Amino acid sequence: MRLDHYYYLRRVLPFFAFFAGIEVVETIITTLLEAGNVDWGVWAVLKTFAVFVVELVIAFLYWMVPYFLYLLVLPQKRHGGKFDRVATCLFFAFFLGLSLFEEIAEGFFWDEFSSTFNFIAVDYLIYTKEVIGNIYQSYPIIPIMSALVVVVALVTWLMRKSLVPSSPAPGFWKRFFHLIGLLLLCGLSFVSFDTKDTDMTGNRYNTELAKDGMYSLFSAFLKNELSYKEYYPTTDERQAAAFLQKELNEPGTVFLAPETGSIARTIHNPEQEIHPNVVIVVMESMGAEFLPENRKDGLILTPNLSRLGAEGVFFPHTYATGTRSVRGLEAVSTSILPLPGMAILRKEGNENLQTVGSIFQQKGYEDRKWIYGGYGYFDNMNYYFGNNGFEVLDRTTMDDKDITHSTVWGVCDEDLFRRCIQEADRSSASGKPFLQFVFTTSNHRPYTYPDGRIDIPSKTGRNGAVKYADYAVGEFIRQAKMKPWFDNTVFLFIADHGAGSAGKKDLNPETHLIPLIIYAPSLIKPERYDMPISQIDALPTLLGLLNWTYDASFYGKDARKPGYRSRYFISNYQNIGYCRGDGMIVLKPVKEAHYYKNGEPVPADAQAEEMLQEAINYYQHASGWRKNLPVASLPAAREKK
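Residues numbered from 1 in each chain as written. Predicted model: local features only at pLDDT ≥ 70, side-chain atom pairs only at ≥ 80, totals over all residues. Heavy atoms only, no water.

### What about helix H12 (residues 303–311)?
Reasoning step 1: Among the residues of H12, those classed as buried are Asn304, Leu305, Leu308 and Gly309. The arc enclosing the buried residues of H12, seen along the axis, measures out at 140 degrees, which places them on a common side.
Reasoning step 2: Looking at the buried residues of H12, the elements they touch are strand E3 (277–283), strand E4 (313–319), helix H17 (462–480), strand E10 (489–495) and strand E11 (513–519). (Buried < 20%, exposed > 50% of the residue type's maximum accessible area, 1.4 Å probe, protein only. Helix = DSSP H or I, 4+ residues; strand = E, 2+ residues; numbered from the N terminus. Arc of directions from axis to C-beta. Contact = heavy atoms within 4.5 Å.)

Printed below as a string of structure tokens:
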């Protein structure tokens, strides 16, 4: 009997038709929604379409591997039989359901990040409890999933007679070689095509629209650790070290071992040191756009933060290093640049580093607490802080009677701050100063909070969450003022990142703008500094206000010191940026660098070349963080000096 040479084509054609149709419809809808941001030039559209087709085909090849394996192990005489028809219908239903589910999930993800799946989605998949809980609380999941099941069942029933061809199947060895050929194609695509290859137009929206969500997800999962020296522009190590030693040479600085290329240094302060209690509050998504001075609609969402800014040391033009909470926690706790890939909190070998905890420990602060209202295993936060000098206090150590409202991300900010006050009361009883590092969660989807606190109903959007988070800060300070330890306490309020990351460019500085407030009315006089500073400058600036002399390998600087040169660093995993004045250098994998001026891409000039070298010096040196940040390295360096 003659074999049908189109057997496999007829087998996979129904799958491909639905797969391609779903992808095309989803892409058209997203394109229409983002029409104003897309580059509609002829070549840009053609390149976007070409990459879209390539990723579509590659993703489909991966999908077909288990089906080809099934066709291999199924005996030839069973092909086309009842079992084959039932099994193929079940696989088609699974394939269709997962494809539709992926597109729905990607729609939610796009709504949050204006991007298809990337490293953020990989991180979220690891923490299914929080993510599924957040989605369930934020979206009508039961109606959506019910509709999805109905659609899948109906389509599968209508297609049941078209999924299995009547022609005879090839023999075992032909089916075997078909499977091997498919695996070789998948392997070839994996090593030769990366999601970074989709960046062909210079417009981020075109780049994201060209991607297949599932392919991007698995690519990010397998390739989320990026070696700076392998993928980014590099320079001579000695040149980078010499630049940084000059750049970080503030008044009173003595480098401990400059001949080794280290930036470890003693920062001398001639003033009398003070050792107050210190409470560092990292606020979820509290972008500077929520401050009254930056709003055009007249809404007053942050009256309490605005008041604290006016009464404290206020840096309204601080720039977050990234778009994820771990980036903000990393920057504030270690004063390090945002290196490509995962934040240090998620990297291996992040124990016993030089952090805010080790600095305060050297100053005799025995009571150091990491206080979080959620489950700190998320993003490896508990492990990181627990192995860097902090006692860990998260949701698991809270009594249910102390919780008035919570979401899957954690307890409401009022409950969190109430616990901070309880811990401060316990700590102050010992008569020794304490350090608290606090992370809030209320300004996060699903934007719910206790009723009756503010004039915006719960779960009505971001504005309500922002106003409630600000209200909780006001209550925190009001209650703290009634405590005997208040007058001897410094409060630092800073956001982890801005509220959004959307924009046309690879990196968008305006979405990274956050406030930094250092508040201690009995200890520090109010000041306002309007120059741009980096989130990594927060810790050195705090220590400067305390008049401390200390050893450090920080990449940040005290923004209040004379001669401070304004610059800041931003990132989104693969793309890392260096900004100074009206210029921005974006370093990208495959050793690329793009230059922007006043927000627009422009050809490189002398200023661009100078900034490029500075950016490389900073990032290349910081890529050796494992040797630069360990606490043990500082005493040894000091003895050598």
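### A few points about the sheet that holds strand E1 (residues 253–255)
Reasoning step 1: Read from one edge to the other, the open sheet built from three strands follows the order E1-E2-E14, with strand pairing classed as antiparallel. Strands at the two margins of the open sheet, each flanked by one partner only, are E1 and strand E14 (550–552). Neighbour to neighbour, the strand axes of the sheet diverge by 25 degrees on average, direction disregarded.
Reasoning step 2: Bridging between E1 and strand E2 (residues 265–267) involves three bridges; their strand directions are antiparallel. Across the sheet, phenylalanine 255 pairs through a bridge with arginine 265, a residue of E2. (Pairing = 2+ DSSP bridges. Axes fitted to C-alpha atoms, helices over the stretch in contact; angles between N-to-C directions.)

### Considering the confidence of the model for the protein chain
Reasoning step 1: With 91% of its residues at a pLDDT of 70 or more, the protein chain has an overall mean of 89.
Reasoning step 2: The low-confidence segment residues 633–641 (pLDDT under 50) makes 16 contacts with residues lying over four places distant or belonging to another chain. (pLDDT = per-residue confidence, 0-100.)

### Quick notes on the sheet that holds strand E17 (residues 583–588)
By definition, the strands of a sheet pair up through backbone hydrogen bonds, in either a parallel or an antiparallel sense.
Reasoning step 1: On the basis of which strands lie adjacent, the open sheet formed by five strands has the order E15-E16-E17-E18-E19 and antiparallel pairing. Both edges of this open sheet fall to strand E15 (568–571) and strand E19 (600–601), since each of them pairs with a single strand only.
Reasoning step 2: One ladder, built from five bridges, connects strand E16 (residues 576–580) with E17; its direction is antiparallel. Among the inter-strand pairings, tyrosine 578 is bridged to a residue of E17, identified as isoleucine 585.
Reasoning step 3: This element, helix H19 (residues 606–622), spans E15, E16, E17 and strand E18 (592–597) of the sheet and lies at about 125 degrees to E16.

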